[in-house]
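Architecture and fold: a report
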Amino acid sequence: MNGSIQALRAVFILMIFLSHFPFGESVDMSFMGDCGVSMFMMLSGYTMMLAYGGRASAAGGIEWIPFMRRRVARIYPVHLLCFTVCSIWGGGLLAAVAGLLLLQSWVPDAGVFFSYNAPSWFLSSLLLCYALFPALSRVAVSRPKEFGFLLLGIVAVYLPVAALLPERLDLFGLYVWPPARLIDFMIGMWLYVAGPRLGGTWWRGGAVALFAAACVLWFYSPEWLRLAMLWYVPSAAVIAAFAGNGATGAWAPAALVWLGNSSYGFYMIHYFCIGVWRRAAERFGMDAGSFVGLLLTLSAAVILGYMIEKWSRAFRPSGNNA
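Below is a short write-up of the structure.

Criteria and thresholds
For every chain, the first residue of the written sequence is number 1, and numbering continues from 1 onward in sequence order. Note on the predicted model: pLDDT of at least 70 is required for a residue's local features to be given, and 80 or more for side-chain atom pairs to be given and counted; whole-chain, interface and lining totals, by contrast, use all residues. In computing side-chain properties, one takes all heavy atoms of the structure into account and sets aside hydrogens as well as water. Secondary structure elements follow DSSP: runs of H or I no shorter than four residues count as helices, runs of E no shorter than two count as strands, and numbering proceeds from the N terminus. Two things to know: the radius of gyration comes from C-alpha atoms, and the globule rule equals 2.2 Å times the number of residues to the power 0.38. Buried means the residue's accessible area, taken with a 1.4 Å probe over protein chains only, is under 20% of the maximum for its type, while exposed means over 50%, and partly exposed covers the values in between. Two residues qualify as a contact provided that any one of their heavy atoms is within 4.5 Å of a heavy atom in the partner residue. Multiplying 1.5 Å by the residue count of a helix minus one yields the expected span of that helix. Salt bridges are counted wherever a side-chain nitrogen of Lys or Arg sits within 4 Å of a carboxyl oxygen of Asp or Glu. Side-chain rings of Phe, Tyr and Trp (the six-membered ring for Trp) are treated as a pair once their centres are within 6.5 Å; stacked means planes under 30 degrees apart, edge-to-face means over 60, and tilted covers the remaining angles. Comment: the charge-over-ring label is applied if NZ (Lys) or CZ (Arg) is within 6 Å of the ring centre and within 35 degrees of the ring normal. Where helices are involved, their axes are fitted lines through C-alpha atoms of the stretch in contact, as for all axes, and angles between N-to-C directions lie from 0 to 180°. Relative orientations are named as follows: roughly parallel for angles under 35 degrees, roughly antiparallel for angles over 145 degrees, roughly perpendicular for angles from 65 to 115 degrees, and oblique for any other angle. In this scheme the crossing of two helices becomes right-handed for a clockwise turn of the near helix relative to the far one and left-handed for an anticlockwise turn of less than a right angle. Each residue is assigned to one class: nonpolar for Ala, Val, Leu, Ile, Met, Phe, Trp, Tyr, Cys and Pro, charged for Asp, Glu, Lys and Arg, and polar for all the others, Gly among them.

Some details on the overall build of the protein
Looking only at helices and strands, the protein features 15 helices and zero strands. Scaling as 2.2 N^0.38, a compact globule of 322 residues should have a C-alpha radius of gyration of about 20 Å, and the protein matches this with 19 Å. Counting over 322 residues, the protein shows a buried share of 51%. Across the protein, every contact between residues at least 6 apart in sequence was considered, and the portion connecting residues at least 24 apart equals 79%.

Quick look at the structure:
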């Protein structure tokens, strides 16, 4: 896998980690979670096209059943392991069944989609993207212009729906619900087919500046905007500038590439590590948001994530494991 892509994965996953760490009310890192999820989903669409784009253009396209079998074999063993570990927190029968079947993101109840191992809701949404990918990738490769118009049409419908959605449904309908996250995934796919056409127009400094502006704007934006749509353009710009087909020069810091290689394991176990630390800090009267706590929790997530990623390779089918 491209080193720049793995480095970006590490950056996005660290942002999500920081958004979950209990810094306290005086430090609001929620914007990192909103952004990190959008970028991670977008990067998933982009890497799927890198891995399968050539196959999508071949006669017959991508066979759905073998493709889905490979994707489930890639994600489910780690999910099951982390779900089992996090079952010590409890969560109820409905949440357990939905979580085990990776259907929790279809249930409009935070007590379900954020239950047990809370970050696993992302997998539930990602499964829809995988299920539609063989068909979408064929359109993207064979008719890229039509694919772009399809994406624009979906966003055009999404915008007024997001603005008019009752506030109590914002978190579910705009952040967790699988069809909403499909937009990020499709933007990543579009970056693949548009990459050669973008050429050198994505300047890294400009992409970073755009991203920084979005981070500031997040604090002044309504909930319906900052949960996802605010990040569409900045996330796409960063991915295109640092890892896209038209990007010039490699950006692949060794430490970030290493972490990116175990980013899935890190993502799936980090919330458990934070939960253990919060309970320990509460029991022993320590400051849960201290730097020491941050360092300990991050170190545990990095080490366990690496071990989980290494363990999970035994369950993966040989060949393409993007």
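Picking up where we left off.
A word on helix α7 (residues 144-164)
For α7, with 21 residues, the first-to-last C-alpha span of 31 Å sits near the 30 Å given by 1.5 Å per residue. Here α7 has its buried residues at Phe-147, Gly-148, Leu-151, Tyr-158 and Ala-162.

A closer look at the pattern of salt bridges
All chains considered together, the criterion is met by three salt bridges. Glu-223 is the partner of Arg-226 in a salt bridge, and the nearest nitrogen-oxygen pair spans 3.2 Å. A residue pair is termed a helical-turn pair when its members lie 3 or 4 positions apart in one helix, as Arg-226 and Glu-223 do in helix α11 (residues 223-226) at three residues. Under the relative-accessibility criterion, Glu-223 is labelled partly exposed at 31%.

Remarks on the packing of aromatic side chains
The relation between two aromatic rings is expressed through the spacing of the ring centres and the mutual angle of the planes. One pass over the structure, following the stated rule, counts 24 aromatic pairs. Ring centres 5.9 Å apart and planes at 50° place the aromatic pair Phe-17 and Phe-266 in the tilted group. Taken together, the positions of Phe-17 in helix α1 (residues 3-20) and Phe-266 in helix α14 (residues 263-284) put the pair 249 residues apart, joining distant regions of the chain. Each member of the pair Phe-17 and Phe-266 is classed as buried. Consider the rings of Trp-121 and Tyr-175, whose centres lie 5.1 Å apart with planes at 40°: the pair is tilted. Taken as a pair, Trp-121 in helix α6 (residues 121-142) and Tyr-175 in helix α8 (residues 170-176) lie far apart in primary sequence, 54 residues in all. You can call Tyr-175 buried: its relative accessible area is 10%. Cation over ring: Arg-71 sits above Tyr-130, and NZ or CZ is 5.1 Å from the ring centre. The ring centre of Trp-89 lies 3.7 Å from the NZ or CZ of Arg-279, which sits over that ring.

A word on the environment of Ala-314
Mapped onto the secondary structure, Ala-314 falls in the segment after α15 (291-312). Note on Ala-314: relative accessible area 70%, which makes it exposed. Sequence separation between Ala-314 and Arg-74 is 240 residues, and the spatial gap between their C-alpha atoms is 10.0 Å.

With respect to the packing of helix α2 (residues 30-56) against α6
In contact at an axis separation of 10 Å, α2 and α6 are set at 40° when each is read in the N-to-C sense. By the angle between their directions, the pair α2 and α6 is classed as oblique. Remark: the crossing between α2 and α6 carries right-handed chirality. On α6, the residues touching Val-37, Phe-40, Met-41, Ser-44, Met-48, Met-49, Tyr-52, Gly-53 and Ala-56 of α2 are Trp-121, Phe-122, Ser-125, Leu-126, Cys-129, Tyr-130, Phe-133, Ser-137, Arg-138, Ala-140 and Val-141. For the contact of α2 with α6, the residue count by class is 15 nonpolar, four polar and one charged.

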